[in-house]
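Observations on the three-dimensional arrangement
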Amino acid sequence: MNAPVTRRNAVLGITAAATSFAVPSILRAQSAGRIVVIGGGFGGAACARALKRAQAGLQVTLIEPNKTFTSCPFSNEVVAGLREIDAQQFGYDRLAAEGITVAAQAATAVDAQKRSVTAADGATFAYDRLVLSPGIDFHFEALPGYDDAASEKMPHAWKAGAQTLLLRRQLEAMADGGTVAIAIPANPSRCPPAPYERASLIAHYLKTNKPRSKVLVLDAKDGFSQQRLFEKAWKELYGDMIERVALSQGGRVTSVDPATRTIITEFGNYTPDVANVIPPQRAGRIAAIAGATDATGWCPIDPVTFESKLVKNIHVIGDACLGGGIPKSASAASGQGKACAAAIVPLLAGRAPEMPRLTGVCYNTVAPGYGFSLAGNYQPKGDIFAEVEGGATSPVDAPRELRAREATEAERWFQTITADTFG
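What counts, and at which threshold
- Every chain is numbered on its own, with residues counted from 1 as its sequence reads.
- Reporting in this predicted model follows two pLDDT cut-offs: at least 70 for local features of residues, and 80 or more for side-chain atom pairs to be given and counted; totals over whole chains, interfaces and linings ignore these cut-offs and use all residues.
- Heavy atoms from the whole structure form the basis of all side-chain values; hydrogens and water molecules are not counted.
- Working definition: helices are DSSP H or I runs of at least four residues, strands are E runs of at least two. Numbering for both runs from the N terminus.
- Atoms counted for the radius of gyration: C-alpha only. Globule rule: 2.2 Å times the number of residues to the power 0.38.
- Think of it in three bands: with a 1.4 Å probe and only protein chains considered, a residue is buried below 20% of the maximum accessible area for its type, exposed above 50%, and partly exposed in between.
- Here the Shrake-Rupley method, with its probe set to 1.4 Å, supplies the accessible areas, and only the displayed protein chains count as covering residues.
- In this scheme, strands are said to pair when DSSP sees at least two bridges between them.
- Convention adopted: a line fitted to C-alpha atoms gives each axis, helices being fitted over their contacting stretch, and angles between N-to-C directions are expressed from 0 to 180 degrees.
- Every helix has an expected span of 1.5 Å times one less than the residues it contains.
- Salt bridges are defined as contacts in which a side-chain nitrogen from Lys or Arg sits within 4 Å of a carboxyl oxygen from Asp or Glu.

Now for the overall build of the protein. In terms of helices and strands, the protein carries 11 helices and 22 strands. Here the C-alpha radius of gyration of the protein, 21 Å, is about what a compact globule of 423 residues would show, namely 22 Å. Expressed as lengths along the three principal axes of its C-alpha atoms, the size of the protein is roughly 65 × 45 × 40 Å. Counting over 423 residues, the protein shows a buried share of 56%. Accessible area of the protein: about 17000 Å², with a carbon and sulfur share of 50%.

Here is the structure:
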């Protein structure tokens, strides 16, 4: 029987994953293969590192245009002025020191027949196996009026970095008594609970600095992950400061007008002082270029090997893949990266990989010293990942001491996963 996921072992789940996906030593002596990984986030960097550690002779190349990775987890604290952006940023020096070739370029083309990747500077990289970990891109066509230019007025802040700081500056510039609107898309999307964490932390900022203001949540869903926990915290901490308009109440945003900062919904229009518009999403663009996306805009995979169901010798991990019950989160991406590495090594040797078991944990901080979590175990079932027994979620009625302890555990989790991924 598998041990249940507790708060403590969920925090340590990244380390445990590295152990459970260890590759038999007999495979380490096999001849070297060429693995190219596109995307240096939690999934891609974890996969590249796990590959090199499993079999030192592998030629592992990580293609990532940004020399510095900016983490989305904990970026909501940057938005709310509780954390500085440099605490979110990590480089790739440790990966390079382990023998991974880090190419600071954008991948622009994939030739699946020739098994090669072309970068923006014209360089080509041959592979035996290709791993795509491109994260998400925005499906602008699904939200009329919204595009990159609009995001400079109505920031999404859903890719951490400049947009995170832009949203923070807009909050700081807003007068007391203003309204901050957060437009939340339907699933699938990156880290489904994160918009509600953002609403919470923005409310904390407003309560502290601009107490006559309010947060308006325009939601394309009726229900959401950990809803009872969030709503209890909102009532306890913020009173009536946060108002949520659900899908059935007309909360789905149908278009925007950035010139007037107007958000249009099915039942009415809103012109907030600050508009945080999170658009619908799909797999990162290189996944479509590689032919790995289907009509949904996401990538169907074999959950045992993470190999694309559409293109041979290409694996997809992280937010870009259709993972079934496993959420699109940093924890899931890291676990998928390690599991994918553990599948690729025996595949190169002509052996069948073992069945993966992933552990994912999601922490949410709704105020300093107030957090809660959701942890789950996932295994392949048919064509997708399904949740299996042993998961755990924070109790709705819990003393403040537990909330404070989970806020501390959230910080420990972040320190663990970033050190594990980037050194």
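An order of β13-β12-β11-β17 is seen for the 4 strands of this open sheet, with the pairing classed as parallel. Each of the sheet's edge strands pairs with one partner strand only, and the pair in question is β13 (242-245) and β17 (274-277). On average, each strand axis in the sheet is inclined to that of its neighbour by 15°, with strand direction left out of account. Taken together, the 6 bridges between strand β11 (residues 179-184) and strand β12 (residues 214-219) define a ladder with parallel strand orientation. Each bridged residue has a counterpart across the sheet, and for Val180 the counterpart in β12 is Val215.

To continue, consider helix α10 (residues 330-348). If you check α10, its first and last C-alpha atoms are 27 Å apart, about what 19 residues at 1.5 Å a residue would give, namely 27 Å. Across the 19 residues of α10, 17 count as buried, placing the element largely inside the fold.

The final tally for this structure, using the stated rule, is 19 salt bridges. Between Asp128 and Arg34 there is a salt bridge, with the nearest N and O atoms lying 3.3 Å from each other. One end of the pair, Asp128, is in the loop between β8 (124-126) and β9 (129-132); the other, Arg34, is in strand β1 (residues 34-38), and 94 residues separate them in sequence. The class for Asp128 is partly exposed, based on a relative accessible area of 22%. One salt bridge in this structure joins Glu98 and Arg53, with 2.9 Å as the shortest N-O distance. Remark: Arg53 occurs in helix α3 (residues 42-54) and Glu98 occurs in the loop between α5 (93-97) and β5 (101-103); sequence separation between them is 45 residues. Shared partners join several salt bridges into a network, and the residues in it are Arg49, Arg53 and Glu98.

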